[in-house]
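# Architecture at a glance
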Amino acid sequence: MRSVTYSMAVSLDGYVVGPDGSADWTAPDEEVFNLATDEIRKVGVHLLGRRLYETMLYWETADQNPSLDYSTLEFAATWRALPKVVFSTTLSAVQGNARLASGDLAEEIERLRAEPAEGDIAIGGATLAAEAAASGLIDEYRAMVHPVLVGGGIPFFPRRERRVDLELVETRTFGSRVVYLRHRVVRSCSDRMDSTG
């Protein structure tokens, strides 16, 4: 069965953007950018909320900038080819290899898991990820922890009174002092039976 992954840059105090909505501290160096490209290569479909979708629209035409280096162009090409599902109540159309979601998030993930496709089902955006986490749908959390405290904003982890046991499966420290932490959700027998029907 396809895994549902949630990967984003996060401050040491747990936020994806600061209280002013800024995420300027998340600008990746080459090592972190290459990790993001490697992750995207393993994704079969990416689920996004409206805000992240609109932010990532840059990559639909990034290859038209002649000053970009090879790794940036490689990410742009990989992202552009990736199928995307956008969850929005305000958008009436989307661009590129994307479609608007027709059902709720749990139904969409169930449908995608039933398809005979390969690659992870990635979730982008803290709000959408919080909804998936509340339903127990996330299989892996991948945090690129930046050495900064922003003091508030949008949290990486959902603020729900629900315990989730995790197993650390990978960690890396980059020259920029960013630490990558990849955790798999530990499922109980009853969780596994619920997710398989």
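The structure under discussion appears in the preceding block.
The sections below set out a description of the structure shown in this document. Worth saying up front: this structure is predicted, and the values here are computed from it rather than measured.

### Comments concerning the pairing of strand 7 (residues 140–146)
Among the seven residues of strand 7, seven are classified as buried, and the element is accordingly described as predominantly covered. Residue alternation in strand 7 divides its side chains into two sets, Glu-140, Arg-142, Met-144 and His-146 and Tyr-141, Ala-143 and Val-145, and both sets are buried. Inspection of the sheet shows strand 7 paired to strand 10 (residues 179–185) by six bridges, in the antiparallel sense. What sits directly across from Ala-143, in strand 10, is Leu-181.

### Details of helix 5 (residues 105–114)
Within helix 5, burial applies to Leu-105, Glu-108, Ile-109, Leu-112 and Arg-113. Along helix 5, the residues classed as buried sweep out an arc of 130 degrees about the axis, all on the same side. Of the residues in helix 5, the exposed ones pointing more than 90 degrees away from the buried face are Glu-110 and Ala-114. Buried-residue contacts for helix 5 involve strand 1 (4–11), strand 3 (43–49), strand 4 (84–87), strand 5 (98–100), strand 6 (120–124) and helix 6 (126–134).

### Quick look at the pattern of salt bridges
A pair can form between side chains of opposite charge whenever their charged atoms are brought close. This model, assessed by the stated rule, comprises 18 salt bridges. Residue Glu-108 pairs with Arg-99 through a salt bridge whose shortest N-O separation is 2.3 Å. Under the relative-accessibility criterion, Glu-108 is labelled buried at 3%. Each member of the salt-bridge network shares a partner with another, and the members are Asp-120, Glu-140, Arg-142, Glu-167, Glu-170, Arg-172, Arg-182 and Arg-184.

### Quick notes on the sheet that holds strand 7
One open sheet accounts for eight strands, arranged 5-4-3-6-1-7-10-9; its pairing is mixed. If you trace the sheet from one side to the other, it starts and ends with strand 5 and strand 9 (166–173), each paired once. Mean inter-strand twist for the sheet, computed between neighbouring axes without regard to direction, equals 20 degrees. With seven bridges connecting them, strand 1 and strand 7 associate as parallel partners. Each residue of the ladder has a partner; that of Tyr-6, found in strand 7, is Tyr-141.

### A look at the nonpolar core
Counting residues in each nonpolar core, the largest one holds 26 residues, and the members touching the most others are Tyr-6, Leu-47, Ile-123, Ile-138 and Phe-156. Those elements that provide at least two residues to this core are strand 1, strand 3, strand 4, helix 5, strand 6, helix 6 and strand 7. Not counting residues within four places of it along the chain, the set of residues in contact with Tyr-6 comprises Val-16, Ile-123, Gly-125, Ala-126, Ala-129, Ile-138, Glu-140, Tyr-141, Arg-142 and Phe-156. Counting 16 residues, the second largest nonpolar core, distinct from the first, contains Val-43, Phe-75, Val-86 and Ala-122.

### Digging into the environment of Ala-62
Position of Ala-62 among the secondary structure elements: in the loop between helix 3 (58–61) and helix 4 (70–81). Judged by relative accessible area, which is 3%, Ala-62 ranks as buried. Separated by 13 residues in sequence, Ala-62 and Phe-75 have C-alpha atoms that sit 9.5 Å apart. Sequence-distant contacts of Ala-62, that is, excluding residues within four places in its chain, are made with Leu-68 and Ala-76.

### Overview of the layout of surface pockets
The gaps left among the atoms become clear once a water-sized probe is rolled over them. In this model, the largest pocket occupies a volume close to 1200 Å³. Lining the largest pocket are 39 residues; nearest its centre among them are Ser-7, Met-8, Leu-52, Thr-55 and Met-56. A class-by-class count of the residues in the lining of the largest pocket yields 23 nonpolar, eleven polar and five charged.

Conventions and cut-offs
Every chain's residues receive numbers from 1 upward, in the order its sequence appears when written. For a predicted model such as this one, the threshold for reporting local features is a pLDDT of at least 70, and the threshold for listing and counting side-chain atom pairs is 80 or more; totals across whole chains, interfaces and linings nevertheless cover every residue. Side-chain figures throughout are based on the complete set of non-hydrogen atoms in the structure, without hydrogens or water. Categorising residues by exposure relies on relative accessible area from a 1.4 Å probe, with only protein chains included: less than 20% of the type maximum marks a residue as buried, more than 50% marks it as exposed, and the intermediate range marks it as partly exposed. Helix and strand definitions follow DSSP, with helices as H or I runs of at least four residues and strands as E runs of at least two, each counted in order from the N terminus. For two strands to be treated as a pair, DSSP must find at least two bridges joining them. The directions from the helix axis to the C-beta atoms form the arc being described. By the convention used here, residues are in contact when the closest approach between their heavy atoms is within 4.5 Å. The salt bridge criterion pairs a side-chain nitrogen of Lys or Arg with a carboxyl oxygen of Asp or Glu, the two atoms within 4 Å. As a rule, the C-alpha atoms of each element are fitted with a line to give its axis, helices using only the stretch in contact, and angles between N-to-C directions run from 0 to 180 degrees. Side-chain atoms within 4.5 Å link the members of a nonpolar core, which is a set of buried Ala, Val, Leu, Ile, Met, Phe, Trp, Tyr and Cys residues. Detection works on a 1 Å grid of protein atoms alone, calling trapped sets that fit a 1.4 Å probe cavities and calling open sets with protein on both sides within 12 Å along at least five of seven lines pockets, with lining residues defined by an atom within 4 Å of a point. Grid points are joined across faces, edges and corners, and a volume is the space filled by probe spheres set on the points. Polarity classes work like this: nonpolar for Ala, Val, Leu, Ile, Met, Phe, Trp, Tyr, Cys and Pro, charged for Asp, Glu, Lys and Arg, and polar for all others, with Gly in that last group.

By themselves, these observations are geometric and do not establish any function.
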